[in-house]
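# Working through the structure, step by step
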Amino acid sequence: MKKNLMSILLAGVIAGSLVGCGSSGGSSASTSTAGTAGTQAAAAPSGDSVTVGIFEPKTGENGGGGAQEELGIEYANSVRPTVKVGGKDYTVKLDWQDNQSDKTVAATAAQKLISDGVVGVIGGYGSGVCIAAGSYFSDAKIPAIGTSCTNANVTLGNDYYFRTCYLDPFQGKVMANWAYDNGYKEVATIDNIGNEYTSGLVKTFTDAFTALGGTVKDAETFQTNESDFKAILTNVKNSGVKAVFAPTDYLYAPLLLNQAADLGLSVQWIAGDTWYSNVLIKDAGDNANGVVADTFYSEGGNADFDKGFKEWINADASRKATNLDSDAIVGNHAVAYDAYMVLLDAIEAADSFDGTRIRDAIASMDASDGFACGPYKFDENGDAIKNTSYICTIKDGAWTFQSEETVDN
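Residues numbered from 1 in each chain as written. Predicted model: local features only at pLDDT ≥ 70, side-chain atom pairs only at ≥ 80, totals over all residues. Heavy atoms only, no water.

This brings us to the pairing of strand β15 (residues 398–406). Bridging between strand β14 (residues 388–395) and β15 involves eight bridges; their strand directions are antiparallel. When the sheet's bridge partners are listed, Y390 is paired in β15 with E404. Counting the residues that bridge the hairpin from β14 to β15 gives two residues, and of these D396 lies at a positive phi of roughly 55°. (Pairing = 2+ DSSP bridges. Helix = DSSP H or I, 4+ residues; strand = E, 2+ residues; numbered from the N terminus.)

This brings us to the sheet that holds strand β8 (residues 215–223). Read from one edge to the other, the open sheet built from seven strands follows the order β8-β7-β9-β10-β11-β14-β15, with strand pairing classed as mixed. Each edge of the sheet is formed by a strand with only one pairing partner; in this case those strands are β8 and β15. Pairwise comparison of adjacent strand axes, ignoring direction, gives a mean angle of 25° for this sheet. In this structure, strand β7 (residues 186–193) lies alongside strand β9 (residues 243–245), joined through two bridges in parallel fashion. Counted as the bridge partner of A188 is V244 from β9. Relative to β7, helix α6 (residues 196–212) is tilted by about 155°, and along the sheet it contacts β7, β8 and β9. (Axes fitted to C-alpha atoms, helices over the stretch in contact; angles between N-to-C directions. Contact = heavy atoms within 4.5 Å.)

Moving on, we come to the packing of aromatic side chains. Scanning all chains against the criterion turns up 27 aromatic pairs. Judged by centre distance (5.7 Å) and plane angle (85°), the ring pair of Y297 and F305 falls under edge-to-face. The pair Y297 / F305 is uniform in exposure class, with both members buried. Taken together through their ring pairs, the aromatic side chains of Y75, Y297, F305, F309, W312, Y337, Y390 and F401 make up a single cluster. The cationic tip of R359 hangs over the ring face of Y160; the distance from NZ or CZ to the ring centre is 4.7 Å. (Phe/Tyr/Trp six-rings, centres within 6.5 Å; stacked < 30°, edge-to-face > 60°. Buried < 20%, exposed > 50% of the residue type's maximum accessible area, 1.4 Å probe, protein only. Lys NZ or Arg CZ within 6 Å of the ring centre and 35° of its normal.)

As a further point, take the pairing of strand β11 (residues 292–295). Of the two faces of β11, the one carrying V292 and D294 and the one carrying A293 and T295 are both buried. Sheet topology note: the strand β10 (residues 268–271)/β11 ladder contains two bridges and is parallel. Across the sheet, A271 pairs through a bridge with A293, a residue of β11. One crossover worth recording links β10 to the parallel β11 by way of helix α9 (residues 278–284), and it is right-handed. Bridge count between β11 and β14: four bridges; the pairing is antiparallel. Directly across from T295, in β14, lies its bridge partner Y390. (Right-handed = clockwise from strand over helix to strand, strands pointing away.)

Strand order in the open sheet formed by six strands is β2-β3-β1-β4-β5-β6, and the pairing between neighbours is mixed. Two strands bound the open sheet, and with one partner strand each, they are β2 (82–85) and β6 (161–163). Pairing between strand β5 (residues 144–146) and β6: three bridges, direction parallel. Paired with A144 across the strands is Y161, a residue of β6. Most of the contacts of helix α2 (residues 63–79) go to strand β3 (residues 88–98), to which it runs at about 170°, and overall it touches β1 (49–56), β3 and β4 (121–122).

The end-to-end C-alpha separation of α2 is 24 Å, in line with the 24 Å expected for 17 residues at 1.5 Å each. For α2, a buried count of twelve out of 17 residues is recorded, marking the element as mostly surrounded by other parts of the structure. Residues of α2 that are buried: G63, G65, G66, Q68, E69, E70, L71, G72, I73, Y75, A76 and N77. (Expected span 1.5 Å × (residues − 1).)

Take the confidence of the model for the chain next. For the chain, the average pLDDT comes to 89, and 89% of its residues sit at 70 or higher. Every residue in residues 1–41 is under pLDDT 50, and counting partners more than four places away or in other chains gives 137 contacts. (pLDDT = per-residue confidence, 0-100.)

Here it is as structure tokens:
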């Protein structure tokens, strides 16, 4: 598979404006060389098992999102524990590496997966860490399938990186349409300077919203690791807007909501996919009621997936505890489950553990069965072709489906 030249040239142009779900806040790392990485994916295993790498944050600011995706992957592995190649069934073992929500650690985690001989990688939550790891996987010729890393630059120029989620230009437009269609003609935005995810989504939302005829009356910014938002929230209150678009990493969501309530600021909070978490209901309590966010999948979209996942979660107290003592399904569960299924489908279609053959099988995939939120077909950049998002709101202490939004890409 070869990316088209224009898409690769565009990567530098959009690096500062397109975004990724839950961007890592760690220090930057060079990804120009593969370090200890090999030049070819693992050959056929000599035993009865094969290893798939899991590249997710267990710790750091995106650890909560990583935990959700790990549950989705673990469930997928329980549903489909083997893969058939050359007429033989191989048990799929999962090699978990914590990228710690940090770009420098991400490079080390990627190299460890490569040295471990994984045949493919699933992950992850946080575009910054995925971008940092991307060239290691491509240099080693190991296909990687992103889950909720929505920044366009994760896959641009990288023949070996794919993803099962939609992209931020898409969700920015979805949320702009929702705001305008629901009568909010003037809004404020809150941007985390230097955060790929937040800054990119604010830009795409602003462009789409103003194109519709709306006005961003107040554009507020803050620096990473800030915790006191009273000054910018006071500015929002003084602006008189009735809605705020704040697509921040989850870390800042309860801080914004709770401090806004302390100031008596009552607005419609609009966010991106990172706010769609049951943790928000726990951390912000009643202050979270009314929040609107988009997600890759909403419970009720696939009855078989919902039934199976809930039964699996409820069968083990530790799983349910990881899911905040709930069997509620969020979008990250679904896209992570699908990434596992896409990889195994590609391995069987290639009938090989060779990384290039698996990569080619993903690139040519056109499949509809066995997924939570499929079907799956990928464009020339390795991005799943999707045009639907689910809008949900927190009502009476629970996420509630509100609408299904379709936008042409």
